[in-house]
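Spelled out, the chains give:
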Amino acid sequence: MRYISTRGAELGSFCDVLLQGLAPDGGLAMPETIPQFSLADIDALHDKPYAQIAYTVMRPYISDISEQNLANILINTYTAERFRNQEITPLSRLGSSNIFLLELSNGPSLAFKDVAMQFLASCFEFVLNERKTRLNILGATSGDTGSAAEYAVLGKKNLNIFMLSPLGRMSPFQQAQMYSLNAPNIFNLAVQGVFDDCQDLVKAVNRDGAFKEKYAIGAVNSINWARILAQSVYYFKAYLSLGITTGEVVDFCVPSGNFGNIFAGYLAKRMGLPIRNLIVASNENDVLAEFFLEGNYRVRAASEVMATSSPSMDIGKASNFERYLYLILGENPMQIAAMQGQLNHGGVLNFVPNTQFASVVEQSGFLAGRSRHQDRIETIRQVYQGCGRIIDPHTADGVFVAQRYLRDNTPMICLETALPAKFSATVQEAIGIEPPRPPEFIDIENKPRFGSVIANSVDELKSFISKTLGY
Ligand SMILES: *Cc1c(COP(=O)(O)O)cnc(C)c1O
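Small disclaimer: the values here were computed from a predicted structure and weren't measured. (Residues numbered from 1 in each chain as written. Predicted model: local features only at pLDDT ≥ 70, side-chain atom pairs only at ≥ 80, totals over all residues. Heavy atoms only, no water.)

Caption draft 1: Expanded view of the overall build of the protein. Looking only at helices and strands, the protein features 20 helices and 16 strands. A globule of 471 residues ought to have a C-alpha radius of gyration of about 23 Å, and the protein, at 21 Å, matches this closely. Overall, the protein is about 65 × 55 × 50 Å in size when its C-alpha atoms are taken along their principal axes. Look at the contacts in the protein between residues 6 or more apart in sequence, and 74% of them connect residues 24 or more apart. Charge centroids of the protein, computed over 40 positive and 46 negative side chains, lie 3 Å from each other. (Helix = DSSP H or I, 4+ residues; strand = E, 2+ residues; numbered from the N terminus. Rg over C-alpha atoms; globule rule 2.2 N^0.38 Å. Contact = heavy atoms within 4.5 Å. Lys, Arg positive; Asp, Glu negative; His and termini not counted. Charge placed at Lys NZ, Arg CZ, Asp CG, Glu CD.)

In structure tokens:
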């Protein structure tokens, strides 16, 4: 399989795009063709272990890792120990309703990002070893990405991670979770600034080509193709877990921010998985819901992005959206480049009903809904009172929106994107109960913390990296 950029550049094979961030032309990596799975192919995956489903789904996209090596990577990644469950992503019914929760948050950092990040780090280690090189990951986090990435690179060879976070601005649990990690290849940098400052620092370092090359700077952000691909696997797994006749359709509802998780669902649909609707759940930061409901895609400035009680969805621009436009508009790089140019200059992407654009959006099966703080609180309460389950605020955004679109006989699968323990203040506000934690997280707030505080300064960041690496 060869990869191309949504804006036209040739990008090489899976391992090549694995190590790239943005494509050189500013676009995102996409496979040249989307492999097709027949209903019989899907049916044959019933009762197979997660790693084997992952192998079948991902294999056609990965031609430059041998069959045996890929199988080993997957078997070592998707273990019951690491994901605290034999099924890796178990599915369970919410009470007697037709809503199902797909549990994606039982991995090391208690959020869905672990599912892909664990695979990504194992692939990095494998490729770096083959190519006899090293990589220094530089990233910025407002919460979940940082700890998922750090847990994933823990103990990996030839791989360091420098993770910037806004000093004092993550939830107490998230801070404790990240800063308590102590390993020779993990560097926590708490920046005197906000999340956007952290992201700007990462961008500034990446603009310095000479520095980037000298220190082999890499990325693990949500546009990484390997993360999308790894996420598409659990859509298949969820479908198989329902126990319905293969071919019957299902709906998925996904709490969304950067559009990575739900785009993986769209990829699964395009591969042949019988998905009818993919429902985007947005919070008050509704750039995505506005597009699917009103037909406008308008990128928000950082200053317009609200801080909400589902903070991992607080975005003003959905980084993976370009991949979706590329697929629905017939894979035409020229058109995508022109559209992005327009968006980058403050433009709005607009589709008018009865146009061809409107009809391809509709055909893609996407629907959307919005949820506000009070909706999350009430949904957490209602799910707890109705079936005794505690859900986190992001998952509550999804369940709230899913209820609106529920139709009698179609199963509705809601993606659980974090465990409630990560956001206990909001959960306590809703039900007055402190959500339980896995044993290793009890008392984490009192563990020693590691890392450094740096000023919001590119020079200080660069000098930290070069001093740490010692060259
Ligand atoms: C990252 C994240 C999201 C948003 O996922 P996207 O792939 O960016 O759309 C939703 N919920 C939680 C808990 C997250 O960590």
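Caption draft 2: Representation of the side chain of K113 within the structure. For K113, the position within the fold is in helix α6 (residues 113-131). Salt bridges are absent for the buried K113, whose nearest opposite-charge side chain, D144, sits at 4.7 Å. With residues up to four places along the chain from it excluded, the contact list for K113 reads D144, T145, A148 and R227. (Buried < 20%, exposed > 50% of the residue type's maximum accessible area, 1.4 Å probe, protein only. Salt bridge = Lys/Arg side-chain N within 4 Å of Asp/Glu carboxyl O.)

Caption draft 3: Layout of empty space enclosed by the protein. Using the criterion set out here, one finds two cavities of 30 Å³ or more in the structure. For the largest cavity, the lining is made up of 13 residues, of which V17, Q20, G21, A29 and R323 are closest to its centre. Taken together, the residues of the lining of the largest cavity sort by class into eight nonpolar, four polar and one charged. Estimates place the volume of the second largest cavity at around 30 Å³. As for the second largest cavity, its lining consists of M117, L120, A121, F124, I137, A149, A152, V153 and V220. (1 Å grid on protein atoms, 1.4 Å probe; cavity = no way out; pocket = protein on both sides within 12 Å on 5 of 7 lines; lining within 4 Å. Points joined across faces, edges and corners; volume = space filled by probe spheres on them. Nonpolar A, V, L, I, M, F, W, Y, C, P; charged D, E, K, R; others polar.)

Caption draft 4: Up close: the site of the ligand. Residues in contact with the ligand amount to 15 residues; listed here are only the nearest, K113, D144, G257, N258 and N261. Here an oxygen atom of the ligand sits 2.6 Å away from a polar atom, N or O, in the side chain of D144. Isolated, the ligand exposes 390 Å² of accessible area, and the fraction of that covered by the protein chains is 96%. Tallied by class, residues from the shell around the ligand come to five nonpolar, eight polar and two charged. Taken together, domain 1 (3-85 + 110-224 + 446-469) and domain 2 (91-108 + 231-431) each give at least three residues to the shell around the ligand, which thus spans both. (Near = heavy atom within 4 Å. Polar contact = N/O pair within 3.5 Å; in protein donor to acceptor, adjacent residues only side chain to side chain. Areas by Shrake-Rupley, 256 points an atom, 1.4 Å probe, with all protein chains shown as cover. Domains from an automatic or database assignment.)

Caption draft 5: Region of the structure containing helix α3 (residues 50-58). Among the residues of α3, Y50, A51, I53, A54, V57 and M58 are the ones counted as buried. With its buried residues spanning 160° around the axis, α3 presents them on a single face. (Arc of directions from axis to C-beta.)

Caption draft 6: Seen up close, the layout of surface pockets. If you add up the space inside the second largest pocket, you get close to 230 Å³. Lining the second largest pocket are 18 residues, with F292, F351, V361, E362 and F366 positioned closest to its centre. Elements supplying a minimum of two residues to the lining of the second largest pocket: α13 (287-294), α16 (356-363) and β14 (366-370). In terms of residues, the lining of the second largest pocket owes the most to one element, α16, which gives four residues. Residue composition of the lining of the second largest pocket, by class: ten nonpolar, six polar and two charged.

Such coordinate-based values are descriptive only and should not be taken to indicate function.
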